[in-house]
Amino acid sequence: MEFDWSQQDREHRQEVREFLAAELPDNWEEMSRHGPGGDSQAAFSRHFCGRLAEKGWLTQHWPGEYGGRDCEPWRHSILGEEMWAVGEPRGSQYMNVNWIGPSIMHFGTEAQKALHLPKISAGDVLWCQGFSEPEAGSDLAALRTRAEKVASGSDEHYVINGSKIWTSYCNHADYIFLLVRTDPDSSRTRGISVLLIPMDTPGIEVREIPSVVGERYFHEVFFTDVRVPCDVLLGEEHTGWNVVTHALQFERVGAARYARAALTLDHIARVAAERGMLDDPIVVDRLGEARALCEAARVLVYKVIDLRAKGSPPTADTQLARVLSTNCDNAIGRLALEIFGPESRQYASYADNNFRLAMTAGVAVGATEVQLNLIASRFLELPRE
Amino acid sequence: MDFELNEDQQAIVEAVDRLLAQQAGPARATALGNSDTVEGSYDFALHSALDEAGFSCIARDLAREDGTPAALEAALIVEAVSRAGGVVAAATQLLVAPALLAEPPAGPIALCTRRELEQGTPVRYLAQASTLWVVDEAAVTQHNLEDVAVAPVRTSFGYPMGRIEATGNLHSVGELHNAAADARRWWRVALAVEATGTMQAALNCVVGYLKQRRQFGRAIGSFQAVQHRLSECAIQVEASRWLAREAAYHNAPEEAAAVAAAFALAAADQLFTETHQLSGAIGFTHDFDLHVWSMRLLALRQELDGVGGARRAVVDARWRDATP
Ligand SMILES: Cc1cc2nc3c(=O)[nH]c(=O)nc-3n(C[C@H](O)[C@H](O)[C@H](O)COP(=O)(O)OP(=O)(O)OC[C@H]3O[C@@H](n4cnc5c(N)ncnc54)[C@H](O)[C@@H]3O)c2cc1C
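(A) Structural detail: the packing of helix α10 (residues 254–279) of chain B against helix α11 (residues 290–300) of chain B. All names here are of chain B. Direction vectors running N to C along α10 and α11 enclose 145 degrees, while the axes themselves pass 9 Å from each other. Considering the relative orientation of α10 and α11, their crossing is left-handed. Contacts between α10 and α11 pair Leu265, Ala268, Leu271, Phe272, Thr275, His276 and Ser279 from the former with Leu290, Ser294, Met295, Leu297, Leu298 and Leu300 from the latter. Taken together, the residues that form the contact of α10 with α11 break down as 9 nonpolar, 4 polar and no charged.

In structure tokens form, the structure reads like this:
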């Protein structure tokens, strides 16, 4: 047990910081306020990820045969920390490199690898994740979007009907990583498959769901008789649940949200200091508490990265880290409102933006309660009913 | 970066756990707590056993090549002693003392702030300690307690406590100049480590119980309302553990030490409240081990200005310079 960064890791962090200082445009701060799904950030991410790819960093943790550098997960996590700490200029592409690409490597055909992996590692493709449905939220295995195999001449196609909801980033996405039911007689986790589908396929319609979180944040994706060739199937038919479980096993902490929260907190504290608020013992108490929370989330995430670096099977440590990261996000989102006070009434002000980005943390990527259920059964081994 | 124990650390933890399995544990802690003598309320046997096994000076003995003490190994031992409910001043001995003196005094050391001494508040291990360190703004004053009248104080909070009857007899036998900041940093790490071990044991005790205890025809631990609260507790304990170990490893940097204490001492409150609430009436009795750890958590929360003091220290270390 030791908690030092290697010399190489420290150098990498420094290089990434210098790179960010050189690459981020002057209006980045403003751009990043809208989150990874915002229009300007989505456009910028294509340019930025291209630059990261040129540096060899975008997919440095991937195996050499797929254009990576076989770097340890720790190295990739340093990149993730530095990216989130400035507001994630990779936009939604963090998903591509963290889990969509690796799933294609693991389950994909040679043709799928040849089609998708070079695009992802070049940093010029946007993906979205089509899992949730109106009737399948926390209970994802209740999903009903149907992909039916139909023969047309000597060819076979899937015809997809149904809808997905809450799909982040899908307004800009080139592809959707789509979870469908391929066996109509199946229920729950059996009979589900993953399809990799271009978003411009006829029959796909995206509608925005207006929300208090921000503009173009939530979407519904409708599939009406969408015909796709059968070679979009990832992995074996009907075994999509395994694909998703494998893909997401570490993803719940894939986003270094604590790094973003810590940056926000530093900003809040500086503002508090400038306004003489550090004389107020309540403010001091809240700031100290929040800083401890950021650090606590960080160490629990590190624990998960350590497991991944050692190739250990996933454990409930992921859920521990996830819940604390959520608490951290929420606490700092609320604290910003308190420190900025009435100023935060202004839409898109610093505190307002942070608050809106943080407020969904306990629901996105699986509700906190579901994480707590998993901790109870897997970590504490408490009995089921 | 490596969160797994290496072979040497594994061996240390196993050895100390073996020793503690024989010489400590909740039954022994309860028995010592019921002792009506001052001597009998402190585990001098365990104290000596830890000395003899080489655990007490492990920080120095296993120091790294550049001389930095092996504080992580010391922390692992203190965590284990706390888990076992040991009634010994191991945290001060293993974590605070090596940072202040090359040759710390033998025998239990009690630790208090100048204000606590002046106000005559009960201090942990004071009645049994041979040395008292008083932490001032700038210096740490060392006192030999052999000829000083210290009265044991009855307390609800798990550790033996004492109070100096007449401070007139209290003479400094040395001042550790400029040591106060170091003492505070290490004291906070020590509190975080002790709180971690103590919280872990309290949680284990209650989780074990709630897997067995049945009401309404099912194990109470199967109710989701109960599970979520225990899961939240588990998160608090795990985070406290890694913050404390990391702070020890890095030799108690001011901010990290304060962060570890701020988090762990806040967690201690949650653990106290939840473990008692979820145990029902049995949890308040001497027949149930929970009290050995739970009551101590509240005592730990009062040292060195507690959570509030630690949070203030976090802000001072991280942002105070930013004040215009
Ligand atoms: C910002 C954001 C981005 C998202 N992006 C995507 C995306 O890109 N792709 C995608 O597929 N989905 C996405 N989602 C959807 C997300 O995965 C779901 O919102 C989440 O799984 C919860 O489902 P639900 O909203 O239907 O809540 P429900 O399942 O209806 O649950 C409502 C609430 O009930 C409680 N609850 C539910 N189940 C339990 C239980 N078993 N025990 C105790 N309490 C329970 C929880 O408090 C939960 O919040 C996103 C969501 C958000 C908020």
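After that view, the rundown keeps rolling.
(B) Spatial organisation of the environment of A:Arg33. Structurally, the position occupied by A:Arg33 is in the loop between α2 (28–32) and α3 (39–55). Separated by 27 residues in sequence, A:Arg33 and A:Gln60 place their C-alpha atoms 27 Å apart.

(C) Molecular detail of the packing of aromatic side chains. For the structure shown, the criterion picks out 25 aromatic pairs over all chains. When the ring of A:Trp74 is compared with that of B:Phe3, the centres are 6.5 Å apart and the planes differ by 20 degrees; the resulting orientation is stacked. Separated into two different chains, A:Trp74 in helix α4 (residues 73–85) and B:Phe3 in the segment before α1 (7–23) make up a pair that spans both. Given a relative accessible area of 3%, A:Trp74 falls into the buried group. Residue class for B:Phe3 comes out buried when judged on its relative accessible area of 4%. Between the aromatic rings of A:Trp99 and A:Phe177, the centroid separation amounts to 5.0 Å while the plane-to-plane angle is 80 degrees, which identifies the pairing as edge-to-face. Highlighted residues: A:Trp99 in helix α5 (residues 93–107) and A:Phe177 in strand β4 (residues 175–181), separated in sequence by 78 residues.

(D) Expanded view of the domain arrangement of chain A. Residue and element names in this part refer to chain A. Segmenting chain A into domains produces domain 1 (7–125), domain 2 (129–238) and domain 3 (252–378). Each of domain 1 and domain 2 was reduced to a C-alpha centroid, and the two centroids are 25 Å apart. Between domain 1 and domain 2, the contact holds 21 residues from the first and 15 residues from the second. Of the roughly 1500 Å² buried at the junction of domain 1 and domain 2 (both faces included), carbon and sulfur atoms supply 60%.

(E) Broad picture of the site of the ligand. Near the ligand, the surroundings consist of 19 residues, among which A:Gln129, A:Ser132, A:Ser138, A:Ser168 and B:Gln224 are the closest. Taking A:Ser132, its main chain carries an N or O atom lying 2.7 Å from an oxygen atom of the ligand. At a separation of 2.8 Å, an oxygen atom of the ligand approaches a polar side-chain atom of A:Glu369. Relative to its free-state accessible area of 960 Å², the ligand is covered by the protein chains to the extent of 69%. Here the element with the most residues in the shell around the ligand is helix α12 (residues 368–379) of chain A; it accounts for 3 residues. Taken together, the residues of the shell around the ligand break down into 8 nonpolar, 10 polar and 1 charged.

What counts, and where the lines are drawn
- Residues numbered from 1 in each chain as written.
- Chains lettered and ligands numbered in written order.
- Predicted model: local features only at pLDDT ≥ 70, side-chain atom pairs only at ≥ 80, totals over all residues.
- Heavy atoms only, no water.
- Axes fitted to C-alpha atoms, helices over the stretch in contact; angles between N-to-C directions.
- Helix = DSSP H or I, 4+ residues; strand = E, 2+ residues; numbered from the N terminus.
- Left-handed = near helix turned anticlockwise from the far one by under 90°.
- Contact = heavy atoms within 4.5 Å.
- Nonpolar A, V, L, I, M, F, W, Y, C, P; charged D, E, K, R; others polar.
- Phe/Tyr/Trp six-rings, centres within 6.5 Å; stacked < 30°, edge-to-face > 60°.
- Buried < 20%, exposed > 50% of the residue type's maximum accessible area, 1.4 Å probe, protein only.
- Domains from an automatic or database assignment.
- Buried area = accessible area lost by both parts, 1.4 Å probe.
- Near = heavy atom within 4 Å.
- Polar contact = N/O pair within 3.5 Å; in protein donor to acceptor, adjacent residues only side chain to side chain.
- Areas by Shrake-Rupley, 256 points an atom, 1.4 Å probe, with all protein chains shown as cover.

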